[in-house]
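A structural walkthrough
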Amino acid sequence: MDELRCELSPLVYTELYRLLAADEARRDVLEERLAEIGYDHVWLGTAADAYNEYWEAWLKWAGADSVSSLAPPSNEHALLATWILAGLRTTGDDRELGSALAANVLRRALAEVPGLTAPLPPVLSPVIVGWMLAGIVGSPPYDWPVAPASLPDDVNLRSAFIGLTHHVLVLEGMAEPWPEMMQTSTYWRGYGIAEALKPTMGGGSSAIQELLKESRPLLPQYLSTQLNRHFSRFGPRRNALSHVTDDSQRERFVDVVAITRGWENLRVTMLGLTQFVCQEVSRSLYDSEELPAALRNDPWVYLEREISTEWLT
């Protein structure tokens, strides 16, 4: 697997844009963001209605066994949604919005797709991480790993994150206990990803501290505390795994191996690294003075054409 595509049902975009349209607390920020691409607040309702019409038209022919084929063909649908969400990164954490989105999609999907049962397939499993839209591609009940709507531009960083995600997907399919190196390797890869995200920080530990600092305004307190506790020991434990000989300045190799085994440690590691990657790409979208090339020249003109229902009627 060389790709990690965010493929989401039109129902996801319907409910996302409806939630944004109803969000009065963020209305001013949303209007300012939308104005950058020539849209107004009314467009949110227009987009929601268009996606909903597409969803309902397809449902006449689709059932539980084919609902995964309903994702719009172009990645620009997810990219546009994420570009809009990135404009909200100054408004606090995104977990409430993400939870509402997932709940609304779950409720409607189970009610409207005959024979569909929980857990839902990836196209109906949205999550918002670091103010980026993503789709859950792992096994339930976990909300990771995910396929983000946009990945880092740096080819090394992009490849490293995709590799980590695919590695975790392999672990999900294996019975525990896993071979020791198959889990502890996430520390080596995670440390490298942190360095690549913040190359000017001079090393992985400093990069992790900066990423944690930047994540705090974007996360609920309980999750920020959990990630801080986990990643404050990430660098030293990575060193212990790399240098096997006992050293009074660090934890023993055998102790770190014992501590880092199992789902819970992997869960927090993957949760944090996904947060770091998504928040960094979201920050880039927020800070950039230029739109992504795919969103220039009124993207809704061609995105709306892709979800036209004329040929279905």
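Here, the structure is the one placed above.
Notes on the structure in this doc start here. (Residues numbered from 1 in each chain as written. Predicted model: local features only at pLDDT ≥ 70, side-chain atom pairs only at ≥ 80, totals over all residues. Heavy atoms only, no water.)

**Focus: the overall build of the protein chain**
Along the backbone of the protein chain there are 13 helices and three strands. Over its C-alpha atoms, taken along the principal directions, the protein chain stretches across nearly 70 × 45 × 35 Å. Here the protein chain holds 313 residues, and the buried ones make up 52% of them. For the protein chain, contacts bridging at least 24 residues in sequence account for 74% of all contacts bridging at least 6. Put simply, the protein chain shows about 14,200 Å² of open surface, and 51% of that area lies on carbon and sulfur atoms. For the protein chain, the separation between the mean place of its 26 positive charges and that of its 42 negative charges on side chains is 6 Å. (Helix = DSSP H or I, 4+ residues; strand = E, 2+ residues; numbered from the N terminus. Buried < 20%, exposed > 50% of the residue type's maximum accessible area, 1.4 Å probe, protein only. Contact = heavy atoms within 4.5 Å. Areas by Shrake-Rupley, 256 points an atom, 1.4 Å probe, with all protein chains shown as cover. Lys, Arg positive; Asp, Glu negative; His and termini not counted. Charge placed at Lys NZ, Arg CZ, Asp CG, Glu CD.)

**So, helix 10 (residues 234-242)**
By the burial criterion, the buried members of helix 10 are Phe 234, Gly 235, Arg 237, Ala 240 and Leu 241. Close packing links the buried residues of helix 10 with helix 7 (180-197), helix 8 (204-215), helix 9 (221-231), helix 11 (253-259) and helix 12 (263-287).

**Observations regarding the pairing of strand 1 (residues 126-129)**
Side chains of strand 1 alternate between two faces, with Pro 126 and Ile 128 and Val 127 and Val 129 buried alike. By the bridge criterion, four bridges tie strand 1 to strand 2 (residues 132-136) in an arrangement that is antiparallel. Counterpart to Val 129 in the pairing with strand 2 is Met 132. A loop of two residues connects strand 1 with strand 2, the two strands running antiparallel in sequence, and Gly 130 in this loop sits at a positive phi of about 60°. (Pairing = 2+ DSSP bridges.)

**Examining the side chain of Ser 282**
On the secondary structure map, Ser 282 appears in helix 12. Assessed through its relative accessible area of 0%, Ser 282 is described here as buried. At 3.1 Å, the side chain of Ser 282 and the side chain of Arg 89 are in polar contact. When neighbours within four sequence positions are excluded, Ser 282 is seen to be in contact with Ala 86, Arg 89, Gly 130, Trp 131 and Met 132. (Polar contact = N/O pair within 3.5 Å; in protein donor to acceptor, adjacent residues only side chain to side chain.)

**Describing the sheet that holds strand 2**
Sheet strands pair via backbone hydrogen bonds, and the direction of the pair is either parallel or antiparallel. Read across the open sheet, the three strands follow the order 1-2-3; overall the sheet is antiparallel. Two strands in the sheet have a free side with no partner beyond their single neighbour: strand 1 and strand 3 (146-148). Neighbour-to-neighbour, the strand axes of the sheet open up by a mean angle of 40°, direction not taken into account. Examined bridge by bridge, strand 2 and strand 3 share three bridges and lie antiparallel to one another. The residue bridging Ala 134 from the neighbouring strand is Pro 148, located in strand 3. Helix-sheet contacts for helix 5 (residues 95-112) involve strand 1 and strand 2, and the interaxial angle to strand 1 is about 175°. (Axes fitted to C-alpha atoms, helices over the stretch in contact; angles between N-to-C directions.)

**A closer look at empty space enclosed by the protein**
All chains considered together, the criterion is met by two cavities of 30 Å³ or more. For the largest cavity, the calculated volume is near 70 Å³. Around the largest cavity sit Arg 95, Val 127, Val 129, Asp 143, Trp 144, Val 146, Met 270, Leu 271 and Thr 274, which together line it. For the lining of the largest cavity, the elements supplying multiple residues, two or more each, are strand 1 and helix 12. (1 Å grid on protein atoms, 1.4 Å probe; cavity = no way out; pocket = protein on both sides within 12 Å on 5 of 7 lines; lining within 4 Å. Points joined across faces, edges and corners; volume = space filled by probe spheres on them.)

**A word on the packing of helix 8 against helix 9**
Across the interface, helix 8 lies against helix 9 with an axial gap of 10 Å and an inter-helix angle of 175°. Considered as vectors, helix 8 and helix 9 are oriented roughly antiparallel to each other. Residues Ile 208, Gln 209 and Leu 212 of helix 8 touch helix 9, and the partners they reach there are Leu 227, Asn 228 and Phe 231. Split by residue class, the contact of helix 8 with helix 9 holds four nonpolar, two polar and no charged. (Parallel < 35°, antiparallel > 145°, perpendicular 65-115°, else oblique. Nonpolar A, V, L, I, M, F, W, Y, C, P; charged D, E, K, R; others polar.)

**Structural notes on the environment of Arg 296**
Its place among the elements puts Arg 296 in the loop between helix 12 and helix 13 (299-306). On a C-alpha basis, the gap between Arg 296 and Ser 185 in space is 40 Å, while along the polypeptide they are 111 residues apart. When residues no more than four places from it in sequence are discounted, the contact partners of Arg 296 are Glu 290 and Leu 291. Separated by 2.9 Å, the side chain of Arg 296 and the backbone oxygen of Leu 291 make a polar contact.

**Observations regarding helix 6 (residues 155-172)**
Over its 18 residues, helix 6 runs 26 Å from end to end, which matches the ideal 26 Å to within 8%, given 1.5 Å per residue. Among all positions in helix 6, only Leu 157, Ala 160, Phe 161, Ile 162, Leu 164, Thr 165, His 166, Val 168, Leu 171 and Glu 172 are buried. Check the buried side of helix 6 and you find it contacts strand 3, helix 7 and helix 12. The opening residue of helix 6 is Asp 154, an N-cap whose side-chain oxygen sits 3.1 Å from the backbone nitrogen of Asn 156. (Expected span 1.5 Å × (residues − 1).)

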